[in-house]
Amino acid sequence: MPDEAEIVAGAAKGTAEGLIKPFSDLLAKLLGPAAEEVGLTLKDSVQVWRKRRRIRLFQRLEAFIHDAGFDPIAVSPKILLASLDWASVEDDDCLQDRWAALLANAADPRQRQDKLIIHVSVLKELSAGEVRFLDTLYDYVIERLSRGIRPGAAHGLGWEVEMDFILKQSHQEEYFDISFIDNLERLNLIRRSTEQNIRMNTEAIKVPGAIEETSFYFTELAFGLVEACRPPIEEI
């Protein structure tokens, strides 16, 4: 750990790099490959890593637009700048692909950009596991609709998801963490209901320490988010 003299010496250089130089060893370890691979200054290491991530983002964005077969239009700065900012520091490829898909949909002349802006602020609050769980819930609802089963929409809550399906995810899927429920509910992506006058497909089930006497609903916001973060499809 640097002593006070080293910190003062760094500050005397009058630059941000001088201020953080005494902590360069610690920061290099925190950055991992981002610092070790390039062998440059700390500042350069971060910039190179961000550029690499941004290049990958543009490659995925270009591929999504090409596969969908449309000429991209200008994207609102509210979507473009915020998405580029978050996506360029996203180290999970799967999650970065969601940002690329969101940008591709925003550039699609068939889409309404004003309906996509909200998803930027929501996506940045999600982990890769939470996004995967939302995908699973979306596919669950779509699969039931395709079989003519309409997951009940109650009092504007959204589409009901049976408790046994939630429990199956928690017991069988390694990626799933029960803490997802709290964050997704905070973001209004799922809702719980304990109202007695709502017809439930399943009985209320208590899960010790986490989910209690409730049914869950996949909200319209979540439905729109998943669709916005999937690559656009080619118009037939």
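Figured I'd write up the structure that's included with this text. Every value quoted in this text rests on a predicted model; they were computed, and no experiment measured them.

### Quick look at the environment of Ser193
As for its placement among the helices and strands, Ser193 is situated in strand E2 (residues 190-193). Sequence spacing of Ser193 and Glu160 is 33 residues, and the spatial spacing of their C-alpha atoms is 9.7 Å.

### Remarks on empty space enclosed by the protein
Overall, the coordinates contain one cavity of 30 Å³ or more when judged by the stated rule. Space inside the largest cavity adds up to approximately 60 Å³. Lining the largest cavity are Arg98, Leu123, Leu126, Val131, Leu134, Asp135, Leu225, Val226 and Cys229. Elements represented by at least two residues in the lining of the largest cavity include exactly helix H9 (128-146) and helix H12 (220-228). Considering each element in turn, the lining of the largest cavity owes the most residues, three residues, to H9. Per-class residue counts for the lining of the largest cavity are seven nonpolar, no polar and two charged.

### Digging into the packing of aromatic side chains
Here the structure, examined in full by the defined rule, presents two aromatic pairs. Taken together, a centroid distance of 4.7 Å and an interplanar angle of 45° make the contact between Tyr138 and Phe223 tilted. Of the two residues, Tyr138 is situated in helix H9 and Phe223 in helix H12; the sequence distance between them amounts to 85 residues. On the basis of relative accessible area, Tyr138 is assigned to the buried category, the value being 9%. Taking relative accessible area as the criterion, Phe223 reaches 13% and is therefore assigned buried. On the basis of an interplanar angle of 65° and a centroid distance of 6.3 Å, the ring pair of Phe218 and Phe223 is categorised as edge-to-face. On the accessibility criterion, Phe218 (0% relative accessible area) is buried. Taken together, the aromatic side chains of Tyr138, Phe218 and Phe223 make up a single cluster linked through ring pairs.

Thresholds, definitions, all that
- Residues numbered from 1 in each chain as written.
- Predicted model: local features only at pLDDT ≥ 70, side-chain atom pairs only at ≥ 80, totals over all residues.
- Heavy atoms only, no water.
- Helix = DSSP H or I, 4+ residues; strand = E, 2+ residues; numbered from the N terminus.
- 1 Å grid on protein atoms, 1.4 Å probe; cavity = no way out; pocket = protein on both sides within 12 Å on 5 of 7 lines; lining within 4 Å.
- Points joined across faces, edges and corners; volume = space filled by probe spheres on them.
- Nonpolar A, V, L, I, M, F, W, Y, C, P; charged D, E, K, R; others polar.
- Phe/Tyr/Trp six-rings, centres within 6.5 Å; stacked < 30°, edge-to-face > 60°.
- Buried < 20%, exposed > 50% of the residue type's maximum accessible area, 1.4 Å probe, protein only.

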